[in-house]
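# Analysis of the macromolecular model
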Amino acid sequence: MADVVMRIWRGDSEGGEFQDFPTQVSEGEVVLDVVHRIQAEDAPDLACRWNCKAGKCGSCSAEINGLPHLMCMTRMDTLPTEEPVVIAPMKTFPIIRDLVTDVSFNYEMARRLPPFAPKDPGPDGTYRMQQIDVERGQEFRKCIECFMCQDICHVIRDHEENKEHYAGPRLFIRYMELESHPLDTNDRRELLREEMGLGYCNITKCCTEVCPEHIKITDNAIIPLKERVVDASYDPVAWLGRKILRRTKKTATEAANHRTDPKPVKASQ
Amino acid sequence: MSTQEGIRPAPVPLVLGGARGGPRVRTLRRDSWKRSPLITQGYLLLFVVYATWAAFQNSNYYVGASSHRDLISPFYSPCIGASCVPGSHGSFLLHWWTYSPALVILIIPLGFRVTCYYYRKAYYRSFWHSPQACGVADGHKKYTGETRFPLIIQNIHRYFFVLGVLLNIMLTIDAVMAFRMPGAGGIGVSVGTIVLCANAVLLWFYSVSCHACRHLCGGHVNEFSKHPVRHGLWKIITPLNAKHMQLAWVSLSFVALTDLYVRLVASGIITDPKIF
């Protein structure tokens, strides 16, 4: 058992302050264990969101000593205990109470994402993908939506005004998953450049550093998307090549009109 | 017109309201987050000072037949100015350019590295403080990123990549020529030969691991199964791309060390030992 002071933010939209909770830590405990003990023994009204306690639901995101972490995956023995362990709510999102924030910004941005628009199915009415094509998007599907990448991204963390036109790293991996999907016909590059703020990202890789699923957000999603936007909007040679080779990707409208007789999609077993 | 017309769902009003919580401080981090940007800043400044000094020297960049060697500094290759010393590898394309030839040729590696996705991270953090470190407040009140001039020019990176590849070809030729020992037995290997070869190899690794290269070789393809060659290239480049930062630093350091070595030999301070 080791003595430790947990310095936890208490407050709501009206304001708040840090409150110290001296406690003891047992071997193997994580931050969420200690927060739960404080809830049970000292502060039953302490608000924190949690669910699976296994690093898979993404609910217990909070800022521990200044950086976002999952409380359930942060072992106490990895933190310096000679000073108080500081736990604050995610800074980028509006606070509800104590450690709980309103992350609905991310859901609103997700609604703005043009959905998967598959091309026509094969003659047998099914869709088939080769394994190497399936594998590419698997990394992005590991996202647990903890929104720590959104929290740490300085584009919206330090500039609230940018939220109106910036989707953020979590959504960019979804854009990349769809943009590189071999069956998808939708073209989201113009949207990414004009309205989703891909150009705001300056590649400082904080999103990648905090991702608990170790998704290479910057290298495998944001930079490839930036290069695709360059293809579409900034590269005259690529534009000329598309014109000469007639390889212009269908716009979403063309793709939608092309699918005049959509066939029912059979579930692949 | 948006390309999402017809597919895109009806706009949903974005809910942005709500007061933020937590303390209003620059950062709550207590680790040594200042160290990394300071080291980056110091190292980049050191390189810039040395490269600027070396580029303006316009001398001691070529070790020729009089020393039984054929070594040229990567800062001055290909030597394309009117002031190039006889024997240095150049066709003197720019007869009107009488200043240091390095000032012309260094535009390519400078542009390649300045627009490089890794170096962008490095100097945005260390010089521009945008942000200085993760979880540390941005040093600017307003932020538009790379959406406007001048930073929108960063999108030119792929062109500098192509020019960088052409320069690498020239430096590879230099490395091969460094095996020549004029007047001393024809062909051999000296320390200078190894230095120039290592420099060329590291620059190739840095260029090939570039994000633009990864995209142009295969990243732009959506259906890998129908493009096995591009997929193969993409699979080769991807692990190298993961080491792009390390390759950036090592190649940057080595190119300066190569120039320094050639400079020391050309100025007679040291001799280039022949190995065999």
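Every chain is numbered on its own, with residues counted from 1 as its sequence reads. Just so you know, chain letters begin at A and ligand numbers begin at 1, following the order they were written in. Restriction of local features to residues with pLDDT of at least 70 applies here, the model being predicted, together with a cutoff of 80 or more for giving and counting side-chain atom pairs; totals for whole chains, interfaces and linings are based on all residues. To obtain the side-chain values, all non-hydrogen atoms of the structure were used and water was disregarded.

## Digging into the overall build of chain B
Put simply, DSSP marks the helices as runs of H or I at least four residues long and the strands as runs of E at least two long, and each gets a number from the N terminus on. The secondary structure content of chain B amounts to nine helices and four strands. When the helices and strands of chain B are placed in sequence order, the string is α-β-β-α-α-α-α-β-β-α-α-α-α. For a compact globule the rule gives 2.2 Å times the number of residues to the power 0.38, and the radius of gyration it is set against comes from C-alpha atoms. Radius of gyration (C-alpha) of chain B: 23 Å, far over the 19 Å computed for a compact globule of 276 residues. By principal-axis analysis of the C-alpha atoms, chain B measures approximately 80 × 50 × 40 Å. For chain B, long-range pairs separated by at least 24 residues make up 67% of all intrachain contacts whose partners lie at least 6 apart in sequence. Only the protein chains shown count as cover for residues, and all accessible areas are computed by the Shrake-Rupley method using a 1.4 Å probe. Carbon and sulfur atoms make up 71% of the accessible area of chain B, which amounts to about 13,300 Å² in all. Between the centroid of the 25 positive side chains of chain B and the centroid of its 9 negative side chains there is a distance of 9 Å. By definition, residues are in contact when any of their heavy atoms lie within 4.5 Å. The sign given to each residue is positive for Lys and Arg and negative for Asp and Glu; His and the chain ends receive no count. In this description, the location of a charge corresponds to atom NZ of lysine, CZ of arginine, CG of aspartate or CD of glutamate.

## Quick notes on the confidence of the model for chain A
As a per-residue measure, pLDDT reflects the predictor's confidence and takes values from 0 up to 100. Overall, the prediction assigns chain A a mean pLDDT of 91, with 91% of residues at 70 or greater. Low confidence marks residues 255-269 of chain A, where pLDDT is under 50. Its contacts with residues over four positions away, or in another chain, come to 16 contacts.

## Concerning the side chain of Thr 101 of chain A
Residues and elements named next belong to chain A. With respect to the element layout, Thr 101 can be found in strand β7 (residues 100-101). Think of it in three bands: with a 1.4 Å probe and only protein chains considered, a residue is buried below 20% of the maximum accessible area for its type, exposed above 50%, and partly exposed in between. Classification of Thr 101 as buried rests on a relative accessible area of 2%. In this structure, Thr 101 is in contact with Arg 49, Pro 89, Met 90, Phe 93, Pro 94, Ile 95 and Ile 96, ignoring residues within four places of it in sequence.

## What about the pairing of strand β3 (residues 61-64) of chain A?
Residue and element names in this part refer to chain A. Every second residue of β3 is oriented toward a common face, with Ser 61 and Glu 63 on one face and Ala 62 and Ile 64 on the other, all of them buried. DSSP calls a pair of strands paired once it identifies at least 2 bridges connecting them. As consecutive antiparallel partners, β3 and strand β4 (residues 67-70) are separated by two residues, and within that stretch Asn 65 has a phi angle of approximately 50°, a positive value. For β3 and strand β5 (residues 85-88), the ladder comprises two bridges, and the chain directions are antiparallel. By the bridge assignment, Glu 63 is partnered in β5 with Ala 88.

## A short note on the interface of chain B and chain A
Each partner contributes to the interface: chain B provides 63 residues, whereas chain A provides 82 residues. For the pair chain B and chain A, the two sides together bury roughly 6,200 Å², of which 53% comes from carbon and sulfur. In this description, buried area is defined as the sum, over both parts, of the accessible area (probe of 1.4 Å) that is lost when the two are combined. Three residues stand out in chain B for area buried against chain A, namely Arg 20, Arg 30 and Tyr 143 of chain B, and they jointly supply 13% of the buried area on that side. Here a polar contact is recorded for every N or O atom pair within 3.5 Å, except that within protein the pair must consist of a potential hydrogen donor and a potential acceptor, and residues adjacent in sequence are included only if both atoms are side-chain atoms. Between chain B and chain A we count 38 residue pairs in polar contact (both at pLDDT 80 or more) in total. Of all elements in the fold, only α4 (117-126), α5 (157-177), α7 (211-219) and α8 (228-241) of chain B reach the threshold of two or more residues within the side of chain B that touches chain A. In terms of residue count, the dominant contributor to the side of chain B that touches chain A is α7 of chain B (six residues).

## Points about the sheet that holds β5 of chain A
Residue and element names in this part refer to chain A. Ordered by their spatial adjacency, five strands build an open sheet running β2-β1-β5-β3-β4, and the pairing between neighbours is mixed. Both outer strands of the open sheet, β2 (15-25) and β4, are each paired with one neighbouring strand and no more. When the angles between neighbouring strand axes are averaged without regard to direction, this sheet yields 35°. Axis definition: a line fitted to C-alpha atoms, limited for helices to the stretch in contact. Angles are taken between N-to-C directions and run from 0 to 180 degrees.

## Regarding the domain arrangement of chain A
Residues and elements named next belong to chain A. Domain limits in this description derive from either an automatic procedure or a database domain assignment. Here chain A is partitioned into domain 1 (2-101) and domain 2 (104-256). Between the C-alpha centres of domain 1 and domain 2 there is a distance of 33 Å. Of the roughly 1,200 Å² buried between domain 1 and domain 2, counting both surfaces, carbon and sulfur atoms make up 56%. Only one rule defines a salt bridge in this text: a Lys or Arg side-chain nitrogen within 4 Å of an Asp or Glu carboxyl oxygen. At the junction of domain 1 with domain 2, the criterion picks out three salt bridges. The partner of Arg 157 in a salt bridge is Glu 63, and the shortest N-O contact between them spans 2.8 Å. Here domain 1 and domain 2 share six residue pairs in polar contact (both at pLDDT 80 or more) between them. Taken together, the elements giving at least two residues each to the side of domain 1 that touches domain 2 come down to β3 and β4.

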